[in-house]
Amino acid sequence: MPRYVMVIDVERCIGCMACVIACKKENGVADGYFRTRVVEEVRGEFPYLRMEQRSELCNHCEIAPCIDACPTRASHRAKDGTVQIEKKKCIGCKACILACPYDARYSTPEGVADKCSFCEHRLKEGKSPACVETCLGHSRIFGDLDDPNSEVSQLIKKYDASVRLEFAGTRPRVFYINKKFAGGL
Amino acid sequence: MSITRRDFLKIAAVTGGVAVAGTPVVKSVLALGKKPVSLPQYVPTTCEMCFWRCGVIAKVVDGKVVKLDGNPIHPNSRGKLCARGHGGIGLLYDPDRLKTPLINTGSRGEGKFKKVSWDEALGYVADKMEKIKEKYGAESIALLTHGTISTYFIHLLQAFGSPNFAFPSFALCRGARDTAFEITFGEAVGNPERVDIQNSKVIVLIGSHLGENAHNSQCQEFAEAVGKGAIVIVVDPRFSTAAGKAKYWLPIKPATDLALLLSWINVIINEGLYDKEYVAKYTVGFNEVASAVKEYTPEWAEKETDIPASLIIETARLMGKNKPSVLIHPGRHTAWYSDNVQRQRAVAILTALLGAYGRPGGIYLNPKKKLEPVFLSDKDYPDHQKPEIHKGNYPFAGEEGLTHAIVKTTLTEQPYPIKGWFTTGINIIKAMPNQRDTLKAIQKLELLVAVDMMPYDGVILADVVLPECTYLERHDDLFTVKERAFGISIRQPVVQPMYDTKPGWWIAKELGKRLGLEDHFPWNTFEDFLKMKCETWGIDYSELTKKGYISFPESEKPYISADNEPKFKTPSGKIELYSKELKDKGFDPVPKYTRHEQPPEGWFRLIYGRSPVHTFSRTTNNPSLWELMEENTAWVNAKVAKRKGLKNGEYIVLINQDGVKSNKVRIKITERIRPDCIYLVHGFSSTSKLLRKAYLRGADDQQLITRYDIDPIAGTVGMRVNFVKIAKEV
């Protein structure tokens, strides 16, 4: 089985938000909810400024607090290693939402937990996630970390990749490269 | 088995034409008794969420558009769409769309609409047009227009006998840039601009905020260049997204850009950093430029621009060192001050001195492909009896006309009255400066017709509103794409029109019929016309409908080489650093610096720009995009805010020099702007109650632009000449 990861090249994010809406349309996300976001961080004082924009989403952690917190196994690890939610089993207790250190989950208007699925249905068709496909800056790169020749493997090897809240010990599968600021994730 | 024509018609009727997605259904033995599964249909078309015209592939399930994606073979999209492109679904299914023709039964602008049939609405309009023609002449009807619909209504207007039309995209947007490039290089820089950004080693953005203006393919190439380590130099009073990628952010004092440009030219000439061979071979007027810029030293420019002389020299040297792969981005919205054309001329001259025109990483050359024009009809337009007024008295005004010339003539009735306006694809309130003049002008009209998809501010002022269907529901004229290679892009319906709405071509044709101009529309459906056009051009129509885009790769000749020498269509046949043409018409043949007024103490210059999720005022009500940005914010420098005791996110109002007060707007307190400016994203605070999401959300920059300059060369407008102060919302 592949080991899917996403690499986010922060330098190449132009903050266009195409990913945010492509994700919503692809996955039929309800009005007012989002599975991914673009954050902006500015440091310094006029006119000595630095800024980075980066997208954030579910990290599909290898050690996933949401799976541990779920009482019904609705949140589970799929065969391809991604973290998924089986809606039928979700009782809407919101424990996973609280357990997630990344604010990646929300409760839908129907009362079930929801989050980024890495576009599981597209992966099955051999396509990349919708956000990756439409990313104008080619800031989001997706692929198989077990394939040493994949773009993601090459990038992670070449750059000093970091993850969000490394100290949380969740081993995220979303990696950031070319960050301007150490930390800040 | 042979299919007769009659059978074919039956089939066509069932499937609803070639392009419109039907609903194929899969019924397998296993699924018997269960609800059949609909297979998605994929229909290519061309986007209209902005003017970039990307190739789109619509995914349609059960007659409903569920997703829009970029067409991989279209050079403007390359398989990707921006947020607005994806948000086209929000336009299609916006519950606030115009749904039927409307006639205003109250006084002008009152918006007391009654729903009427197309027949009644068109009959009413045609009748009024004939009356105006009889009383004042056909020239007394003018058209303000933007986008693809313009083709049909300019045609109708000219067939009717009036030459008076204007696009806001000239005077209020890119006219200055195009004029300057035509004067210098003999041709405009194109749309999309022919910038070879992915190969640039140095990218200079002057007031252009790529990324925030989400020009799809250009953003893709910009990110590519940044990824490859291009040096980005951003000149902007605001720390834009692009500034976040820049090695040099030069927070220039607004209105002094020409000083910086002339000073860069000064350094590049003084230090011998220009491309000597290129300049000798392709240009005229180098000596005149060299002597004209002598006075514009970096030390002088520092005092004007607030940019240290050392940085001016350092950045100029970087350009010189990396020539010719330097892109001085020609910009797009260049309607800033009274000297727009001269400022853009300086951009063009700098580009030429660096040898970057026709060279990798600079500006690539037009593709080598020409198709003979195919007109909507072969019938000649009648000669108009009176002189055209739509270019004002500006010697270099473009064929696209000047919106302010039409407003002015309407107000003054000189040299003759204008009594009817058509507004098609334009929101006249948000697009044009000085709303008071626009409102006064429409009170002088006997007919105001709006053709659009949404009840925008300007649309609800009309006597008659004719609802156009969206780009996902109609055919339009073919698009000729002049990217590196030449290509043809098609717009075709992906679903049937919702409500009682019609395509622009149909509305123009039906009006033509009622005006006795049916000979000017010698085709039944627009598809018939497109097929004929394709046949003339030797293009396979059916292939075009399936692929959405057809490319002519052999036309790609982007760079100058021994067998690809450029031809400059200027009077001298060379790049005109010095323009005799300008001199003969009484203008400076080489740009000279003019000082513009700066805001008095306690006032701020109002600057404005774009958000990547909205297009002008056209998308602020789009449910898909509205939730990404519901209202704009007023950017205020952090130190200024602290001094004034303002809190981030609180509502303020802006009051301009003429006492005009904005709607309440949230303040964004930020280090990312100079202390002497306030920035608004353009297009917010709709005054149309029928736009339930956008109504009075945020502040309208255009409302505060009561004052504007006019560039005497081409009649382009300067809109960055308004000053505002902050008042607390009470």
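Note that the structure is predicted; figures quoted are calculated from it, not measured. (Residues numbered from 1 in each chain as written. Chains lettered and ligands numbered in written order. Predicted model: local features only at pLDDT ≥ 70, side-chain atom pairs only at ≥ 80, totals over all residues.)

1. Let's talk about the overall build of chain B
Counting its secondary structure elements, chain B contains 23 helices and 29 strands. For a compact globule of 730 residues, the expected C-alpha radius of gyration is about 27 Å, and chain B comes in at 26 Å, within 12% of that figure. Dimensions of chain B, computed from the C-alpha atoms along their principal axes, are close to 80 × 65 × 65 Å. Relative to its 730 residues, chain B shows a buried fraction of 59%. (Helix = DSSP H or I, 4+ residues; strand = E, 2+ residues; numbered from the N terminus. Rg over C-alpha atoms; globule rule 2.2 N^0.38 Å. Buried ≥ 20, exposed ≤ 12 C-beta atoms within 10 Å, placed from the backbone.)

2. Here's the deal with the interface of chain A and chain B
Facing 30 residues of chain A, the contacting portion of chain B comprises 32 residues. Where the side of chain A that touches chain B is concerned, the elements lending two or more residues are α1 (18-27), β2 (37-45), β3 (48-56) and α5 (130-134) of chain A. Among the elements that make up the side of chain A that touches chain B, the one with the highest residue count is α1(A) (six residues). Taken together, the residues of the side of chain A that touches chain B sort by class into 13 nonpolar, eight polar and nine charged. (Contact = placed C-beta atoms within 7 Å. Nonpolar A, V, L, I, M, F, W, Y, C, P; charged D, E, K, R; others polar.)

3. Regarding the domain arrangement of chain B
Residue and element names in this part refer to chain B. Taken domain by domain, chain B comprises domain 1 (5-92), domain 2 (195-363 + 562-584) and domain 3 (604-728). Taken together, the contact pairs 11 residues of domain 1 with five residues of domain 2. For the side of domain 1 that touches domain 2, the per-class residue count stands at six nonpolar, two polar and three charged. (Domains from an automatic or database assignment.)

4. Some remarks on the packing of helix α4 (residues 118-136) of chain B against helix α17 (residues 504-514) of chain B
Residues and elements named next belong to chain B. Packing of α4 against α17 leaves a shortest axis separation of 9 Å and a crossing angle of 55°. Considering their axes alone, α4 and α17 lie oblique with respect to each other. The handedness of the crossing between α4 and α17 comes out as right-handed. Along its contact with α4, which presents Leu122, Gly123, Val125 and Ala126, the element α17 presents Glu510, Leu511 and Arg514. The class makeup of the residues in the contact of α4 with α17 is four nonpolar, one polar and two charged. (Axes fitted to C-alpha atoms, helices over the stretch in contact; angles between N-to-C directions. Parallel < 35°, antiparallel > 145°, perpendicular 65-115°, else oblique. Left-handed = near helix turned anticlockwise from the far one by under 90°.)

5. A short note on the sheet that holds strand β14 (residues 326-328) of chain B
All names here are of chain B. Reading across from one edge, β12-β11-β10-β14 is the order of the four strands in this open sheet, with parallel pairing throughout. If you trace the sheet from one side to the other, it starts and ends with β12 (248-250) and β14, each paired once. Strand-to-strand twist of the sheet, defined as the mean angle between neighbouring strand axes without regard to direction, takes the value 10°. (Pairing = 2+ DSSP bridges.)

6. A short note on the pairing of β3(A)
Residue and element names in this part refer to chain A. Two strands pair when backbone bridges link them, and β2 and β3 are joined in this way by nine bridges, in the antiparallel orientation. When the sheet's bridge partners are listed, Arg43 is paired in β3 with Arg50. Counted between consecutive antiparallel strands, the loop separating β2 from β3 contains two residues.

7. Observations concerning the environment of Glu483(B)
As for its placement among the helices and strands, Glu483(B) is situated in the loop between β18 (479-482) and β19 (486-489). In this view, Glu483(B) contacts Pro75(B), Asn76(B) and Pro192(B); residues no more than four positions away in its chain are not counted.

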